[in-house]
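Commentary on secondary and tertiary structure
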Amino acid sequence: MNHQEHYASPSEKMQEQQKTLLLLLVGAIVFAFLMGMLGNLVVNHFMTDTSSLGKTLSFLLPTLATICLCYFLYYRYVFVPYSWIRKEAIVQIIYDIQDAEVIPDPFDGYYPQQLAWQAFVRFKSSNTGMATEGIKADIGAVAQGRHRHILTDLFEYLLLLQLRSELYFPTRTNPATDETPRKLPDAIEKNIFVAFFRDLKPANIVDSSMQHVEPNLPKDVRVDYCSPAPTQAGFIDSFHIGLAGRYIDVRITASMISMSMIQTLKSGAAPVFDAMYIRNYWEKELLAKLPSLRKVVFHVDIQARARLRFGIVRKLAYLDWADELANRVTTSGQMGSFDFIEFKKNRMEKLLLNIYEDTRETNEMVKKLREQRQSR
């Protein structure tokens, strides 16, 4: 039987480290005793009257030294190593430049590609959206440096949907959240997909689920946004989403890092597309489109840091909340992995497991056949 490995949250790691720190505090007590003796020597050497002032200084010096030492030890060996979280993800979207459309998910399970296709099809098919020629003209303007790529807008919208989805479900250790979704900054409303789905009259449950991107957040956490992202040196196809509160600071930075042709489509009994096995149906669909297909890759960097405030020890649930949110958004979301590398890894593990099970069943059948032949 396989036992799932326990995942240690940042607060659990801190608490474990605090136990180790208690041993160091024994040294602090010894240090305070030595400082007390030093204080007495200093007072007796420089002052003739050591009545009240001398006794006060001999008490204050070791006390202040002990407090400073405890603060340093906690900050250096407990807070700093475990108060910082970083998760990264590589997300790709396959786009057809000839038909100006996102293709359906050929990998049968990669959630961002399927969601991007659904959003793009709805955007193109609506009267208030943008038709093929309009999208091509928009991309032509991008090439001239007028504004960012339409796929960057699409990916930003997908990431907001992912955040909303993961924040809607309760986390393992969740701080108190508002009952109503938090209003997003006005700058996000300029995203053409956010604006399109916000004003769209839902025709079905899919439209309704894609209409709102406002997340449920802890009460003291606010949403900050800017595009381009400050860390990307003015790169237009980037953006930054911040979730900042009294006890936690989460920074999500995303940028388009490449757009390239897909040159891998191997035919056969098990077709391979972009180094991934696909069904034979997709081989026929993709073969004709291969020259016009482009793989657009985005990098997502999520960093979270606890803020050193009075009472932070009682508010470590914020750090666990940020850690779980980062994991859900990148690799372990409700709908699967957002990170394409993690998705490929999971698919390969599943494939190897299926091969192992098939081989084991085949060996058992061969063994039974041999036993039947020998019994005759």
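The rules behind the values
The numbering scheme is per chain: residues are counted from 1 as the chain's sequence reads. Only residues with pLDDT of at least 70 get local features here, since the model is predicted, and only at 80 or more are side-chain atom pairs given and counted; chain-wide, interface and lining totals rely on the full set of residues. Where side-chain values are given, they derive from all heavy atoms of the structure, hydrogens and water being excluded. We call two strands paired when DSSP finds no fewer than two bridges between them. Only runs of H or I of at least four residues qualify as helices and only runs of E of at least two qualify as strands under DSSP, and these elements are numbered from the N terminus. Cavity means a closed set of points on a 1 Å grid over the protein atoms alone, one where a 1.4 Å probe fits but cannot get out, pocket means an open set with protein on both sides within 12 Å along at least 5 of 7 lines, and lining means a residue has an atom within 4 Å of a point. Grid points are joined across faces, edges and corners, and a volume is the space filled by probe spheres set on the points. Amino acids outside the nonpolar list (Ala, Val, Leu, Ile, Met, Phe, Trp, Tyr, Cys, Pro) and the charged list (Asp, Glu, Lys, Arg) are all regarded as polar, and Gly is one of them. A carboxyl oxygen of Asp or Glu within 4 Å of a side-chain nitrogen of Lys or Arg is what we treat as a salt bridge. In this scheme, a residue with accessible area under 20% of its type's maximum is buried, one over 50% is exposed, and one in between is partly exposed, where area comes from a 1.4 Å probe on protein chains only. Contact criterion: two residues are considered in contact whenever any of their non-hydrogen atoms come within 4.5 Å of each other. Each pair of aromatic rings taken from Phe, Tyr and Trp, with Trp reduced to its six-membered ring, is defined by centres within 6.5 Å and is described as stacked if the planes are under 30 degrees apart, edge-to-face if over 60, and tilted in the remaining cases. Patch membership requires more than 30% relative accessible area and the absence of a salt bridge. Residues of like charge join within 9 Å; the nonpolar side chains Val, Leu, Ile, Met, Phe, Trp and Tyr join within 5 Å. Shrake-Rupley sampling with a 1.4 Å probe provides the accessible areas, and residues are treated as covered by the protein chains on show and by no other component. Residues belong to a common nonpolar core when they are buried Ala, Val, Leu, Ile, Met, Phe, Trp, Tyr or Cys residues joined through side-chain atoms within 4.5 Å.

Sheet strands associate in pairs through backbone hydrogen bonding, adopting either a parallel or an antiparallel arrangement. If you walk across this open sheet you meet the six strands as β2-β1-β9-β5-β4-β3, and the pairing is antiparallel. Bordering the open sheet on either side are β2 (101-102) and β3 (222-226), each of which pairs with just one other strand.

Counted under the stated rule, the structure contains two cavities of 30 Å³ or more. If you add up the space inside the largest cavity, you get close to 60 Å³. With three residues, helix α6 (residues 192-199) is the single largest residue contributor to the lining of the largest cavity. By volume, the second largest cavity is sized at about 50 Å³. Lining the second largest cavity we find L160, L163, L167, L184, V213, P215, V223, I241 and L243. Of all the elements in the fold, those that place two or more residues in the lining of the second largest cavity are α5 (150-168) and β4 (238-244). In terms of residue count, α5 provides more of the lining of the second largest cavity than any other element does, three residues in total. Looking at side-chain class alone, the lining of the second largest cavity contains nine nonpolar, no polar and no charged residues.

Here we come to the layout of surface pockets. Looking at the largest pocket, its volume works out to about 350 Å³. Lining the largest pocket are 21 residues, with T231, H240, R251, T253 and Q303 positioned closest to its centre. When contributions to the lining of the largest pocket are tallied by element, the ones reaching two or more residues are β4, β5 (248-261) and β9 (293-306). Here the element with the most residues in the lining of the largest pocket is β5; it accounts for six residues.

Strand order in the open sheet made by the three strands is β6-β7-β8, with antiparallel pairing throughout. What marks the edges here is a single partner per strand, and that holds for β6 (265-266) and β8 (276-277). Of the pairings in the sheet, the one linking β6 to strand β7 (residues 272-273) comprises two bridges and is antiparallel in character. Counterpart to K266 in the pairing with β7 is V272.

As a further point, take the pattern of salt bridges. Inspection of the entire model under this criterion finds 14 salt bridges. Between E189 and R198 there is a salt bridge; the shortest N-O distance is 2.4 Å. We classify E189 as partly exposed; its relative accessible area is 23%. Among the residues examined, R198 registers a relative accessible area of 39% and is labelled partly exposed. Between D199 and R198 there is a salt bridge; the shortest N-O distance is 3.0 Å. Judged by its relative accessible area of 55%, D199 falls in the exposed class.

Here we come to the environment of F235. Positionally, F235 belongs in the loop between β3 and β4. Sequence spacing of F235 and S255 is 20 residues, and the spatial spacing of their C-alpha atoms is 8.2 Å. The residues contacting F235, other than those within four sequence positions of it, are P228, S255 and M256.

On to the packing of aromatic side chains. For the structure on display, the rule yields 17 aromatic pairs. Measuring from ring centre to ring centre gives 6.0 Å for F120 and F193, while their planes differ by 35 degrees; the resulting arrangement is tilted. Highlighted residues: F120 in helix α3 (residues 111-125) and F193 in helix α6, separated in sequence by 73 residues. A relative accessible area of 0% places F193 in the buried class. With 6.4 Å between their ring centres and 50 degrees between their planes, F155 and F239 make a pair best called tilted.

Moving on to a nonpolar patch on the surface. Among the surface-exposed residues, Y277, M348, L352 and I355 lie close enough to one another that they form a single nonpolar patch of about 390 Å² accessible area. Here I355 shows up in helix α10 (residues 340-375).

Bringing the nonpolar core into the picture now. Ranked by size, the top nonpolar core spans 76 residues in total, and within it Y157 and F273 carry the most contacts. Take this core: its biggest share by element is eleven residues, from α5.

Let us look at the pairing of strand β1 (residues 84-96). Note: β1 against β9, 13 bridges, orientation antiparallel. Along β9, the bridge assignment pairs A89 with V300. When β1 meets β2, the two strands line up antiparallel, connected through two bridges. The residue of β2 that forms the bridge with D96 is E101. Taking the residues between adjacent antiparallel strands as the criterion, β1 and β2 are bridged by four residues, where A100 takes a positive phi near 50 degrees.

That is the geometry; function is a separate question.
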